[in-house]
Each structure stands twice: as C-alpha cells, then as structure tokens.
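Chain by chain, the residues:
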Amino acid sequence: MNTTTPLEPVETGFGTPTDAEDYDIDPDSFGEIGEDALAAFMAEQTCLGFIQHDRREYAAAVEAFYNVDRYQFAYLSGEEAREAARALTDAFWAKDDVEEPYIDGAEVDPALAEADWTPVEDALCRRAEIVGIDEEYAHETTEAWRNHKLGGDYWTPTMIAQRHEIDAAMGAPSRNPSTAGRVTVTSRRGISSVSSSMTCTPSATGRRPPT
C-alpha cells in the first residue's frame, strides 16, 4: 500500500527528479561530464525509481534502476543490467504484496514480522546472482525492509547489504563475468537469459538461515 506525497521541485543539473512525469533526461549524455555529475545523475535515477514504485509505474521504475545499474556495475552487459534492475523492481512489488494484508492506513499489524517474505528474497537472490553480489545481500535487504515497516532496526542489515553491493560495484563481484554460465531467470514481468554462476538460496520464511 503506497501513497505519493507531493514534493517541491528541485533544480539540478539533470532535471527535476521529483517530477517523474516530466523527467526527460538523456541517460546517454553522461559521456562528456565528470564523475561527480554522473554520480548525481545516478542518485537522481535511484530516487526516480522509488518515485515510480510509489506511483505503481513498473516499467518506468525498471528503467530508472537500469540507468543506475548499467553504470554502477560496469562489467555487466546491457541485458544483464536491465535484468538486475527488473529483479530489484520485482522485489519492491513483492514487498508490497507481502505487506498489504497487514496494513490498515497508518497501522501495521505486528504479525507482518512472521509473514512469508520468500517472494521478496527470491527476487533479491535473482539480482544477486545476476550482478555477482554475495547472497547475504538478499537476506539482509529482506530483513531491512521487514524491520523498516515494523519500526525496528533496519539500518544495520541495510549497511551489511550495501557493503556487498559496493564490493561488487568496486570490482569484486562474487562471480567472474567472463566465465559465468548461462542460466534463465524468471521475472514477474517476463523471462530472460542472463549470465550467472552463483546460487542464492532464500530461507523458507524469507529470513536468513541460521549458521
């Protein structure tokens, strides 16, 4: 269950990320700008992905996250970057599906903590496999999203998950893209073949398995 809060337009070098309907930045124009400007563009596209999620615009959310992933994970092909973005978007949609029965206006049923979050972790596992992120990313991101909705500690699992994503972005992916095998991953919105040699196994309840 999502609501959209109107935001004041913000002037930036790439447009107004809070005005999603009129956001018409050319993502291919980054070639003649510096790293700081590209980082700002990627940050805006990340925000735009969240905005489009709140507006229930699936394709637009995928496109925004793709504009981040294709530069964040430079070793991915265009196809792989789009599938990674689609997996992240699928995870957000799955999160909404899990949460909806437990939310009534501003009230959140504490039983949400025991809900089956496996569909969320499945999608995040798919993203981890495509990108080459340590599978702990999927477990910890799922935990962070659950805790955030319930008012618990979401920052600790978020930081753990982001550490793994940064490791991959900085050139230490958990797979070797040049030797990865071909596997088929299934999105809620389609099927596509991408490279991966990882296996990310979500727990039965969407919680990280005990060690």
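One can find the structure itself at the top, above this paragraph.
Summarised in this report is the structure supplied together with it.

Here the focus is the pattern of salt bridges. In the structure shown here, the tally under the stated rule is eleven salt bridges. Put simply, Arg127 and Asp69 hold a salt bridge, and the shortest N to O gap is 2.6 Å. Taken as a pair, Arg127 in helix H4 (residues 118–131) and Asp69 in helix H2 (residues 58–72) lie far apart in primary sequence, 58 residues in all. In this structure, Lys95 and Asp96 form a salt bridge, with 3.7 Å as the shortest nitrogen-oxygen distance. The exposure class of Asp96 is buried, given its relative accessible area of 3%. Residues participating in the shared-partner salt-bridge network are Arg56, Lys95, Asp96, Glu99 and Lys149.

Attention shifts here to the layout of surface pockets. Any empty space left between the atoms is revealed when a probe the size of a water molecule rolls over them. Of the volumes computed, that of the largest pocket is approximately 850 Å³. Lining the largest pocket are 31 residues, with Thr46, Phe50, Phe92, Trp145 and Gln162 sitting closest to its centre. Counting only elements with at least two residues in the lining of the largest pocket, the list comes to helix H1 (35–54), H2, helix H3 (78–99), helix H5 (136–150) and helix H6 (155–169). Each residue belonging to the lining of the largest pocket can be placed in one class, and the counts come to 15 nonpolar, eight polar and eight charged.

Its place among the elements puts Leu38 in helix H1. Residue classification places Leu38 among the buried positions, given a relative accessible area of 18%. Leu38 sits 33 residues away from Tyr71 along the chain, and the two C-alpha atoms are 8.9 Å apart.

This part covers the nonpolar core. Looking at soluble globular proteins, one finds that nonpolar side chains tend to be buried together. Ranked by size, the top nonpolar core spans 34 residues in total, and within it Leu124 and Trp145 carry the most contacts. Elements with a contribution of two residues or more to this core: H2, H3, H4, H5 and H6. Residue contributions to this core peak at nine residues, all from H3. Ignoring anything within four residues of it in the chain, the contact list for Leu124 reads Leu88, Ala91, Tyr137, Ala138, Thr141, Thr142 and Trp145. Membership of the second largest hydrophobic core comes to five residues, among which are Leu38, Met42, Val68 and Tyr71.

The rules behind these values
Residues numbered from 1 in each chain as written. Predicted model: local features only at pLDDT ≥ 70, side-chain atom pairs only at ≥ 80, totals over all residues. Heavy atoms only, no water. Salt bridge = Lys/Arg side-chain N within 4 Å of Asp/Glu carboxyl O. Helix = DSSP H or I, 4+ residues; strand = E, 2+ residues; numbered from the N terminus. Buried < 20%, exposed > 50% of the residue type's maximum accessible area, 1.4 Å probe, protein only. 1 Å grid on protein atoms, 1.4 Å probe; cavity = no way out; pocket = protein on both sides within 12 Å on 5 of 7 lines; lining within 4 Å. Points joined across faces, edges and corners; volume = space filled by probe spheres on them. Nonpolar A, V, L, I, M, F, W, Y, C, P; charged D, E, K, R; others polar. Core = buried A, V, L, I, M, F, W, Y, C linked by side-chain atoms within 4.5 Å. Contact = heavy atoms within 4.5 Å.

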